[in-house]
Amino acid sequence: MKKEFKQIYLKNLVASIALFSGIATLGMVFLSDKVTKWVEDYEWHYIIGFTLFNLVIASLMSISKKQICLKLNHNTTAHIFVGDLFTQSGIIIIPVNEYFDTLVDENVVSKDTLHGKFINQYFANNISELDNKMNLALSNIIFEIDDERPIGKNKKYPLGTTIEIKKDDKTFFLVALTNFNENNRASVSKSKYQEVLAKLFDFIEQFSQGKIVNLPLIGGSNRAGLDISLQKRLECIILTALFRNQLSLGILNIVLTEKTLKEINLNKIDLIIDAIK
């Protein structure tokens, strides 16, 4: 039994005992003397039955959840669930590489990443439109020129750079998450990952304008080259949002896939938030 499951189980067991002890006490106070006498006559039966009942209830409460709702502060509620990111209403966050590439192939942007899916789904027939929107949004951002890059764009932006791209009735925030090496292999260090999240939430606070914000599990793909578990990545996102005292988003959705959920324990997220608060 994993350590976190034990913690969750014990927390639920204590809560169950507290709840049903109170109910039992009230029952004995308000119900007839016969009930009270029955409990006294069969004290050990009652204790054993009560204990087994609470053990079962705690077990049921500890079954891994598929969705949770967290109150981060008075103004922000986070919903974590499985769904299709692109069908959500509100702003959609898309992690991209430091070059804001638009070439979808197996060498630069994979079609299987959110970056690739975003391009193919909304700009496949007009990449120049996306390039123009990106160039305009990035026009005031400091960049470096990488003249040695053989394919893809050569303007490199700081990690955490975030821009707004609109397409029809959809609004996207694109955030530079990963560095690319000479072989176009993506990576991001743990410290840079935290920096990206901080800069992203800065941008969200300034420009979301009260709209629902939908995040994927940022860095959730193995292609991100991030050396921490999916569980830790989700915890980083939640804690980054939680510790921003002025965060006022209304609703923050974190949209998972069925595949990522298999490696994540949402009960543990609940436990962490309860411990902090």
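Cut-offs used in this document
- All residue numbers refer to positions counted from 1 along the written sequence of the respective chain.
- Local features in this predicted model are restricted to residues of pLDDT 70 or higher, and side-chain atom pairs are both shown and tallied only at a pLDDT of 80 or more, whereas totals for entire chains, interfaces and linings draw on every residue.
- As a convention, hydrogens and water are excluded, and side-chain values are obtained from all of the structure's heavy atoms.
- Salt bridge, as used here: a side-chain nitrogen of Lys or Arg that lies within 4 Å of a carboxyl oxygen of Asp or Glu.
- Helix numbering and strand numbering both begin at the N terminus, where a helix is a DSSP run of H or I of at least 4 residues and a strand a DSSP run of E of at least 2.
- Three exposure classes are used, based on accessible area relative to the maximum for each residue type with a 1.4 Å probe and protein chains only: buried under 20%, partly exposed in between, and exposed over 50%.
- Helix span is expected to be 1.5 Å times the residue number reduced by one.
- To be clear, the arc concerns the directions from the helix axis to the C-beta atoms.
- The contact definition used throughout considers only heavy atoms, calling two residues in contact when any of these lie within 4.5 Å.

Colleague: Teacher, can you tell me more about the pattern of salt bridges here?
Modeller: Close approach of charged atoms allows side chains of opposite charge to pair. Scanning the entire structure with this criterion turns up 11 salt bridges. In this structure, the salt-bridge partner of Lys167 is Glu129, at a minimum N-O distance of 3.0 Å. Here the residue Lys167 occupies a position in strand 6 (residues 162-167), and Glu129 occupies one in helix 5 (residues 127-137), the gap between them amounting to 38 residues. For Lys167, a relative accessible area of 15% gives the class buried. According to the relative accessible area criterion, Glu129 is partly exposed, its value standing at 21%. Residue Glu195 is joined to Lys199 by a salt bridge in which the shortest nitrogen-to-oxygen separation is 3.1 Å. Of this pair, Glu195 and Lys199 both sit in helix 6 (residues 190-207), four residues apart, roughly one helical turn. The exposure class of Glu195 is partly exposed, given its relative accessible area of 31%. Given a relative accessible area of 31%, Lys199 falls into the partly exposed group. Overlapping salt bridges, with partners in common, bring together Glu129, Lys133 and Lys167 in one network.

Colleague: Got a minute to help me understand helix 6 in this structure?
Modeller: Counting along an α-helix, one turn takes 3.6 residues, and residues three or four places apart therefore face a common direction. In this model helix 6 runs 26 Å from its N-terminal to its C-terminal C-alpha over 18 residues, within 8% of the 26 Å that 1.5 Å per residue would give. Among all positions in helix 6, only Tyr193, Val196, Leu197, Leu200, Phe201, Phe203 and Ile204 are buried. Relative to the axis of helix 6, the buried residues are bounded by an arc of 160° and lie together on one face. Facing away from the buried surface of helix 6 by more than 90 degrees, the exposed residues are Ser191 and Gln206. Considering only its buried residues, helix 6 is in contact with strand 3 (91-97), strand 6, strand 7 (170-180), strand 9 (213-216), helix 7 (230-242) and strand 10 (250-256). Downstream of helix 6 by a residue or two, Gln209 has a phi angle that is positive, lying close to 55°.

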